[in-house]
Amino acid sequence: MTTTSLTTSRGAGRAGDKVFSAATLAAGCLILAVLFGVALFLVIQALPALVASPDKIQGGEGFFAYIWPIVIGTLIAAAIALVIATPVAIGVALFISHFAPRKLASGLGYVIDLLAAIPSVVYGAWGAAFLAKEISPAYNWLASNLGWLPIFQGPASATGKTILTAGIVLSVMILPIITSLTREIFLQTPKLHEEAALALGATRWEMIKMAVLPFGRPGIVSAVMLGLGRALGETMAVALVLSSGALTASLIQSGNQTIAAEIALNFPEAGGLKVNTLIAAGLVLFVITLGVNMIARWVITRHKEFSGAN
Amino acid sequence: MSKRIDVKDLNVYYSKFLAVEDVNISIEPKSVTAFIGPSGCGKSTFLRTLNRMHEVIPGARVEGEVLLDGDNLYGPGVDPVTVRAQIGMVFQRPNPFPTMSIRDNVLAGVKLNNQKMSKGEADALVERSLRGANLWNEVKDRLAKPGSGLSGGQQQRLCIARAIAVEPQVILMDEPCSALDPISTLAIEDLINELKDDYTVVIVTHNMQQAARVSNKTAFFNIAGTGKPGRLIEYGDTHTIFSNPSVKATEDYVSGRFG
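(A) Highlighting the overall build of chain A. When its secondary structure is counted, chain A shows eleven helices and zero strands. Along chain A, from the amino end to the carboxyl end, the secondary structure elements read α-α-α-α-α-α-α-α-α-α-α. For chain A, the C-alpha radius of gyration of 25 Å lies well beyond 19 Å, the compact-globule estimate for 310 residues. In terms of overall dimensions, chain A has a C-alpha envelope of 85 × 55 × 35 Å along the principal axes. Residue pairs at least 24 apart in sequence account for 77% of intrachain contacts in chain A once pairs closer than 6 positions are excluded.

(B) Spatial organisation of the interface of chain A and chain B. Counting residues at the interface gives 19 residues for chain A and 23 residues for chain B. Looking at the side of chain A that touches chain B, the elements that each hand over two or more residues are helix 7 (191–199) and helix 8 (204–233) of chain A. Tallying contributions element by element places helix 7 of chain A first for the side of chain A that touches chain B, with six residues.

(C) Region of the structure containing unusual backbone geometry. Positive phi, close to 70°, is recorded for asparagine 256 of chain A, a residue that is not glycine. Mapped onto the secondary structure, asparagine 256 of chain A falls in the loop between helix 9 (236–241) and helix 10 (259–266). Phi at arginine 52 of chain B takes a positive value of approximately 60°, unusual for a residue other than glycine.

(D) Main features of the packing of helix 8 of chain A against helix 11 (residues 273–302) of chain A. All names here are of chain A. Running from N to C, helix 8 and helix 11 point in directions that differ by 170°, and their axes come no closer than 10 Å. Between helix 8 and helix 11, the crossing angle belongs to the class labelled roughly antiparallel. Residue-level contacts link Pro218, Val221, Ser222, Met225, Leu228, Gly229, Leu232 and Gly233 of helix 8 to Leu285, Ile288, Thr289, Val292, Asn293, Ala296, Val299 and Ile300 of helix 11. Counted by class, the contact of helix 8 with helix 11 contains eleven nonpolar, five polar and no charged residues.

(E) Structural detail: the environment of glycine 59 of chain A. All names here are of chain A. With respect to the helices, strands and loops of the structure, glycine 59 is situated in the loop between helix 2 (11–51) and helix 3 (63–99). The partly exposed category is assigned to glycine 59, around which 13 C-beta atoms lie within 10 Å. Contact partners of glycine 59, with chain neighbours within four places excluded, come to Ala65 and Tyr66.

(F) Structural view of the environment of alanine 187 of chain B. Residues and elements named next belong to chain B. With respect to the helices and strands, the residue alanine 187 is situated in helix 7 (residues 182–195). On a C-alpha basis, the gap between alanine 187 and serine 31 in space is 18 Å, while along the polypeptide they are 156 residues apart. With near-sequence residues (within four places) excluded, alanine 187 lies in contact with Asn134, Gly153 and Arg157.

(G) Spotlight on the sheet that holds strand 1 (residues 5–14) of chain B. Residues and elements named next belong to chain B. Strand order in the open sheet formed by ten strands is 5-4-1-2-10-9-3-8-7-6, with mixed pairing between adjacent strands. Lying at the two open borders of the sheet, with one neighbouring strand each, are strand 5 (71–72) and strand 6 (87–90). Direction of pairing for strand 6 relative to strand 7 (residues 170–174): parallel, over a ladder of four bridges. Bridging across to strand 7, glycine 88 finds its partner in isoleucine 171. Each of strand 6 and strand 7 is contacted by helix 6 (residues 152–165), which is oriented at about 175° to strand 6, the strand it contacts most.

(H) Structural context of helix 4 (residues 119–132) of chain B. Residues and elements named next belong to chain B. Along its 14 residues, helix 4 runs 20 Å from first to last C-alpha, staying within 8% of the 20 Å computed at 1.5 Å per residue. Of all the positions in helix 4, only Leu125, Val126, Ser129, Leu130 and Gly132 are classed as buried. The buried residues of helix 4 occupy one face: seen down the axis, they fall within an arc of 155°. For helix 4, the exposed residues lying more than 90 degrees away from the buried face are Gly120 and Ala124. Lining the buried residues of helix 4 we find helix 3 (102–112), helix 5 (136–139) and helix 6.

(I) Looking closely at the pairing of strand 8 (residues 200–204) of chain B. All names here are of chain B. The element strand 8 is extensively covered by neighbouring structure, given that five of its five residues are classed as buried. Both faces of strand 8 are covered, namely the face carrying Thr200, Val202 and Val204 and the face carrying Val201 and Ile203. Summarising the sheet, strand 3 (residues 32–36) and strand 8 pair through four bridges and their orientation is parallel. Note that in strand 8 the partner of phenylalanine 35 across the bridge is valine 204. Pairing analysis gives five bridges linking strand 7 to strand 8, with the strands arranged parallel. Note on strand 8: the bridge partner recorded for isoleucine 171 is valine 201. You can see the chain leave strand 7, run along helix 7 and come back into strand 8, and the turn it takes is right-handed.

(J) View of the pairing of strand 3 of chain B. All names here are of chain B. Within strand 3, five of the five residues are buried, which leaves the element mostly enclosed by the surrounding structure. Every second residue of strand 3 is oriented toward a common face, with Val32, Ala34 and Ile36 on one face and Thr33 and Phe35 on the other, all of them buried. Bridge count for strand 3 against strand 9 (residues 217–223) is four bridges, and the pairing is parallel. Among the inter-strand pairings, isoleucine 36 is bridged to a residue of strand 9, identified as phenylalanine 220.

The rules behind the values
Residues numbered from 1 in each chain as written. Chains lettered and ligands numbered in written order. Predicted model: local features only at pLDDT ≥ 70, side-chain atom pairs only at ≥ 80, totals over all residues. Helix = DSSP H or I, 4+ residues; strand = E, 2+ residues; numbered from the N terminus. Rg over C-alpha atoms; globule rule 2.2 N^0.38 Å. Contact = placed C-beta atoms within 7 Å. Axes fitted to C-alpha atoms, helices over the stretch in contact; angles between N-to-C directions. Parallel < 35°, antiparallel > 145°, perpendicular 65-115°, else oblique. Nonpolar A, V, L, I, M, F, W, Y, C, P; charged D, E, K, R; others polar. Buried ≥ 20, exposed ≤ 12 C-beta atoms within 10 Å, placed from the backbone. Pairing = 2+ DSSP bridges. Expected span 1.5 Å × (residues − 1). Arc of directions from axis to C-beta. Right-handed = clockwise from strand over helix to strand, strands pointing away.

Set out below in structure tokens:
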């Protein structure tokens, strides 16, 4: 009977299928388990600090009063980093993908990738020992010329170890991530769409605005989010560069603190409830990162219909 | 709104490789001219030199002249961007911008020229262009939807609407039906027939029947062998090319003996 050949299957091929699907399932579950484990650890360890009476927490006014200034500080530092790094990274990526001659482009891409390989402590040392000193005259200028803006209120820090310096160092650190990812995405733009724009009489820049950037939009958002993730969580560079203190609106005075640096600086000598407090701070950072990523997902899916994936 | 094209002694190179050699041709306004020939004979390459789109490929260059009503497209100081705004192009595969709505796709080229346009004017232009591309009735209720949601044939007509919205002098079509089914192909061919009342239309096609159906004049391109440059073998009235060609190679090709 020839009909039996439909029901019998090649054993080896099926086994491969099963192994592969089991492996991917295991990998997927592992990620969830790790994430869940981390979240669980953070919550359990943070609980004592969250329920403790306010006077036992550092500062004596409860956990919320302790955490919110450094949440703001974290967001400010990350925002500065993003504001500086995103346009530069997209510009560099566009230059590499669409403007530079091929030889220069590959060399430049290599150098940018190399930036990502530098350890953060080196960035921190560079920021603290070199950038802070060099940039303080600029802060003085800002204070005397734009001092009426709260964010540039004087007197500027003499050492230059301010949240703005930390933000600039962070921006250099996240630059390679955003650049590499967006460059790859820009290179993926279908030739078809680029030619469609050019054939309508678009200049190169107009072609980029019409075809490349809209097509790469979800990828740009993802790349920026990865950069933001690193900026939010970066510890060493901020700890070295920033002369921390209370929350201040001025970006060019010493002061402010980020969650990651706060944890790193205080954890070695901490004991008892102080440990719980720092872990609770870590939980807050975890939640912020999660929230930011969910917003990014939402931004991407909101335009799904127009993404070009259909 | 339609101009003639005269090509004189045109050679097309990719870096050092001579792809198309010594083309002389005069393309009449308000008519359809078809380029036929086997794969790799340089007809698409030649078509792309007519609006300087071949320059998008690194290393591509031409020698010779392409005159649009007497103005050399390759003259000193001529901006390829201006050339392309006057000579529209429709590609082999439909390529509406996936990130734009149907309406924005039609207006894409017009917006480039920075013309300030009221919403009413824009609406009128969208309708006129889509009607011109025989697409209006199918999409008038979903102008805000993405162009990529249309069928292949509709997408190709959207691309034609986008091209005619800028009111070009010439429309170049690079195998516009090769990715489409017969019904959609018929719709495009009908459209080409209407377009020639207003525009100079040049179409590259693999499909000889299509050339015979839509064109007034036909140019046959061929290559002597791989690695050799493509040449214009014969050019004349479509009827003559298909019924009584003067060159043996043309006769062999149109009668289906090779290619």
